[in-house]
Amino acid sequence: MDELRTHLLALTPEEKAEVVRLLVQTLGNVWPGVEKTPGIVGGDACITGTRIPVWDLVQYRRLGASDAKILEAYPQLTATNLAHAWQYAEAHAAEIELAIQQNEAA
């Protein structure tokens, strides 16, 4: 614990803010711009206020679509929505990968 404390104290204010943001999200399982609702899109993580699953956006990006192309295909989304999706996907990589695999198998 002392080693962790030493590392945390050595961080810049910006890095500390990022650590706090990540900890709060992890503890509360709350991600800005992303929500999970039982019974909606199988309970998968979706962009808030939509039925667009994060895994779908990740898969589209893997197929070579740029953020601009994704926004063109989903005009109801914003660049901020995509940033939230990418952050969520990075933090929940195994969940997103499983959802992509399940969708491909269906």
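Residues numbered from 1 in each chain as written. Predicted model: local features only at pLDDT ≥ 70, side-chain atom pairs only at ≥ 80, totals over all residues. Heavy atoms only, no water.

The tally for this structure, following the rule as stated, stands at 5 salt bridges. Put simply, Asp 67 and Arg 61 hold a salt bridge, and the shortest N to O gap is 3.7 Å. Of the charged contacts, one joins Arg 62 and Glu 97 as a salt bridge, the two residues approaching to 2.8 Å between their closest N and O atoms. Placement of Arg 62 in helix H3 (residues 54-62) and of Glu 97 in helix H6 (residues 93-105) is noted, with a sequence separation of 35 residues between them. (Salt bridge = Lys/Arg side-chain N within 4 Å of Asp/Glu carboxyl O. Helix = DSSP H or I, 4+ residues; strand = E, 2+ residues; numbered from the N terminus.)

Next up on the list: unusual backbone geometry. In this model, Val 41 sits at a positive phi of 50°, which is unusual for a non-glycine residue. Examined against the element boundaries, Val 41 turns out to sit in the loop between strand E1 (34-36) and strand E2 (45-47). For Val 41, a relative accessible area of 27% corresponds to the partly exposed category. (Buried < 20%, exposed > 50% of the residue type's maximum accessible area, 1.4 Å probe, protein only.)

Take the nonpolar core next. Within the largest apolar cluster, 21 residues are counted, with the highest numbers of intra-cluster contacts made by Val 54, Leu 57 and Ile 96. Going through the elements one at a time, E2, H3, helix H5 (79-91) and H6 are the ones with two or more residues in this core. Here this core takes 5 residues from H5, the largest share from any one element. Non-local contacts of Ile 96, meaning those with residues more than four positions away in its chain, are made with Val 54, Trp 55, Val 58, Tyr 88 and Ala 89. (Core = buried A, V, L, I, M, F, W, Y, C linked by side-chain atoms within 4.5 Å. Contact = heavy atoms within 4.5 Å.)

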